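Coordinate analysis (summary)
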Amino acid sequence: MTAELVTDLTNNTKATTMRGADLLVSYLKKEGVDTVFGYPGGAIMPVYDALYDGGLKHVLCRHEQGAAFAALGYARASGNVGVCIATSGPGATNLITGLADAYMDSVPVVAITGQVTSAVIGTDAFQEMDVLGMSLSCTKHSFMVQNKDELASVLQQAFSIAKSGRPGPVLVDIPKDIQLADIEAILETSTVDEIASYDEAQIAQAIELIQQAKKPILYVGGGVGMANAVDELQHFVDTTGIPSVTTLKGIGTIANTKPYALGMLGMHGTKAGNLCVQESDLLIVMGARFDDRVTGRLESFAANAKVLHIDIDPAEINKLRASDLSIQGDLIKIIPALEVPLNIQDWQQYCSELKDKYRWDYNAPYRSIYAPKLLSQLSEQLPRKSVMSCDVGQHQMWVAQHVNFTNPRNHLSSSGLGTMGFGLPAGIGARYARPNDEPVIVVSGDGSFMMNVQELGTIKREQLNVKIVLIDNQRLGMVRQWQQLFFEERYSETILTDNPDFVTLASAFDIEAKTITLQDEVQPALDEMLNSKGAYLLHVRINEADNVWPLVPPGASNADMMENV
Amino acid sequence: MTLHTNNLKLIVNQSPEVLERILRVARHRGFEVKLMHWNSERGELEITVSSQRAIHLLMSQLKKIFDVKQVIDLNEQIDAKSA
């Protein structure tokens, strides 16, 4: 089938006949997908043949895991469904970590995998793997297309499921014979399921709870951003003057500059945030799920507070903490309905005093680079619409603590799964989600960076303007920190003094790079990086003894935070 | 901790892997399957599970499975009848 014909079919509402692979490409275009990320192989070859002149932008990542994270980064930075494509067997298994990450962080992703020909499924054919079986625990739903006539409706369902309710990843496994089969189908785009409407009486009860509270606090998760309710929440915060904390995924929902915004809570949260949550008498939980990194010891988490829990997913209500009142529904509608004036000046003042008392101290009276200060400087220089994509570890927590975000779509961080190797490919995906005047910055660590370092090849191939700040302590820093604090300084397999020369590595991919080691070098280096035209790697050497503070030790209450030891 | 035993009835779409999905969720969420009766023609599963965890934690997760249309707590039905 020629490209022209496929293009024509995209807008056709009549049943037409085309190869399964062409149907897929036509469907993706009709669905509004403009970019897909993937890697070819035997059992997906018909799809790659259709992509050859199918009029859809395909980004060749250099590992299927990179393609999956790029799709995640695209989805998180745009709010649209991200699409990744891989072949059967190893191609599909390499996607699994990305799907698990998307599942834990509720990211709408559709993964298309090739499968061996239907007739040989179950015979241990070359590159055969039971991908449907593997997908069960790490996707919201998954399909193996069993009949060519269901392909179009399966694709439509996959997109509908990925976007509806609490979003998540969906896998579609397509046997090669179905990709090659002539299929007669009408292509119809996906729909989003209507969200069950809440009971008005619950709103009245919720308002009563809020008005009775003397020390209410908002605990905001990623669900608010995913409900597109950021503006509604900011309005709610402005109107009520209610103090707030956010989870890692909720960062950006409430700007830290708001007077009673206390930043992130939990293990590496702010001391003010954690103490205020502990003292609160009403926890208003919006789109959050009492993750253990948030609560510390669950029994002691905000032990004297009543709980008003609002979430789209009924399975999160009363899962870990019983709520006094819960509302299941769409946050974009619920939040405005809860706006009431409050009389909580004493509490506001208390929160504000703690915020001031425990504000970050960037005083670093030594020559070596203090990463939190560097990130704070970078944050001040970046335009508001910049995207920052992190990896996992100490640098990730420093970004969460010291960069001011004004929208959760600007902060890409593997939160639930905590996947090292996320940052670089997610940043690549974000580059396609955002216009060129919105900078994309990857902040990585020397451990995480090496986990998907092959994606520098994607940056080179696509000539992407992605800036990389590589914070290098020659350690797996977060594990090292825990070994120091909780394993008697037995630094098992966390010393990376044999790292490659990162500047040379970058130059092998034609990426401009520079190493800095002293505080005096930071500002000019940031300027140089931000003013550079294309990709840039800023290699920042820091002292391995720099740890992430404060810290709630494992098994402790959030009231008992360790500080610099 | 006390073990609770519950009987559930699930009405499901007849996809080939629906039984795997249900059993996986039961295991992962901390429930042991003691007994089950599966009618594939009708798409009905009756299942007896045991756990220290409250049954609502399993039911809410089972309801999230795309191919599960309905989850009925048969214990509650029995309780309702005896009341």
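Summary of the structure given here. In every chain, residue numbers begin from 1 and rise along the written sequence. The lettering of chains begins at A and the numbering of ligands begins at 1, in the order of writing. Since the coordinates come from a predicted model, pLDDT governs what is reported: local features require at least 70, and pairs of side-chain atoms require 80 or more to be given and counted, while whole-chain, interface and lining totals use all residues. Working from all heavy atoms in the structure, the side-chain values ignore hydrogens and water.

So, the overall build of chain B
- Counting from the N terminus, the helices are the DSSP runs of H or I reaching at least four residues and the strands are the DSSP runs of E reaching at least two. Each helix and strand counted, chain B has three helices and four strands in total.
- Along chain B, helices (α) and strands (β) appear in the sequence β-α-β-β-α-β-α when read from the amino end.
- A radius of gyration in this sense is built from C-alpha atoms; the matching globule rule multiplies 2.2 Å by the number of residues raised to 0.38. In summary, chain B has a C-alpha radius of gyration of 12 Å against a globular reference of 12 Å for 83 residues, a match within 12%.
- With the principal axes as the frame, chain B shows a C-alpha extent of 35 × 30 × 20 Å.
- Here, two residues are considered to be in contact whenever any of their heavy atoms come within 4.5 Å of each other. Partitioning the intrachain contacts of chain B with sequence separation of at least 6 by distance along the chain shows that 66% fall at a separation of at least 24.
- Carbon and sulfur atoms make up 49% of the accessible area of chain B, which amounts to about 5000 Å² in all. Working definition of accessibility: Shrake-Rupley area with a 1.4 Å probe, residue cover restricted to the visible protein chains.

What to know about the pairing of strand 8 (residues 182-185) of chain A
All names here are of chain A.
- Exposure classes here rest on a 1.4 Å probe applied to the protein chains alone. A residue is buried below 20% of its type maximum, exposed above 50%, and partly exposed in between. Covered by surrounding structure in strand 8 are Ile183 and Ala185 only, the residues Asp182 and Glu184 on the alternate face being uncovered.
- Examined bridge by bridge, strand 1 (residues 16-19) and strand 8 share four bridges and lie antiparallel to one another. Pairing of threonine 16 across the sheet is with alanine 185, part of strand 8. Strands qualify as paired when DSSP identifies two bridges or more between them.

Structural notes on the packing of helix 16 (residues 371-381) of chain A against helix 17 (residues 394-402) of chain A
Residues and elements named next belong to chain A.
- Put simply, helix 16 and helix 17 touch, their axes get as near as 9 Å, and they point 50 degrees apart. Of the possible angle classes, the one that applies to helix 16 and helix 17 is oblique. The two elements helix 16 and helix 17 cross, and the hand of that crossing is right-handed. Packed against helix 16, whose contacting residues are Ala371, Pro372, Leu375, Ser376 and Ser379, the element helix 17 presents His395, Trp398, Val399 and His402 at the interface. Lines are fitted to the C-alpha atoms to define the axes, a helix being fitted only along its stretch in contact, and any angle between axes, read from their N-to-C directions, falls within 0 to 180 degrees. Oblique is the label for any angle not under 35 degrees, not over 145, and not in the 65 to 115 range, which are roughly parallel, roughly antiparallel and roughly perpendicular in turn. Crossing handedness is read from the near helix: turned anticlockwise from the far helix by less than a right angle, it gives a left-handed crossing, and turned clockwise, a right-handed one.

A few points about helix 2 (residues 55-62) of chain B
- For helix 2 of chain B, a buried count of seven out of eight residues is recorded, marking the element as mostly surrounded by other parts of the structure.
- Those residues of helix 2 of chain B not exposed but buried are Ile55, Leu57, Leu58, Met59, Ser60, Gln61 and Leu62 of chain B.

Some thoughts on unusual backbone geometry
Residue and element names in this part refer to chain A.
- Cis geometry is found at the peptide bond from tryptophan 549 to proline 550, where omega equals -10 degrees.
- Mapped onto the elements, proline 550 comes out in the segment after strand 20 (536-541).
- Residue aspartate 124 is not a glycine yet carries a positive backbone phi of 60 degrees.
- Residue classification places aspartate 124 among the exposed positions, given a relative accessible area of 72%.

A short note on the side chain of serine 160 of chain A
Residues and elements named next belong to chain A.
- Mapped onto the elements of the fold, serine 160 is located in helix 7 (residues 151-163).
- Polar contact is defined as a pair of N or O atoms within 3.5 Å, subject to the rule that within protein one atom must be able to donate a hydrogen and the other to accept it, and that residues adjacent in sequence are counted only when both atoms are side-chain atoms. Within the structure, serine 160 has its side chain in polar contact with the backbone oxygen of glutamine 156 (distance 2.9 Å).
- Those residues within four positions of serine 160 in sequence are excluded, and the remaining contacts are Ser190 and Thr191.

Here's the deal with the interface of chain A and chain B
- Contact with chain A, which involves 13 residues of that partner, is made by twelve residues of chain B.
- Summed over both partners, buried area is the accessible surface (1.4 Å probe) that two parts give up on being assembled. Here chain A and chain B share an interface that buries about 1200 Å² over both sides, 56% of which is from carbon and sulfur atoms.
- The rule for a salt bridge is simple: a side-chain nitrogen of Lys or Arg has to be within 4 Å of a carboxyl oxygen of Asp or Glu. Put simply, chain A and chain B have one salt bridge between them.
- Between lysine 64 of chain B and aspartate 313 of chain A there is a salt bridge, with its nearest N and O atoms 2.5 Å apart.
- Scanning the region where chain A abuts chain B turns up two residue pairs in polar contact (both at pLDDT 80 or more).
- Split into classes, the residues belonging to the side of chain A that touches chain B amount to four nonpolar, six polar and three charged. Amino acids are sorted into nonpolar (Ala, Val, Leu, Ile, Met, Phe, Trp, Tyr, Cys and Pro), charged (Asp, Glu, Lys and Arg) and polar (every other residue, Gly among them).

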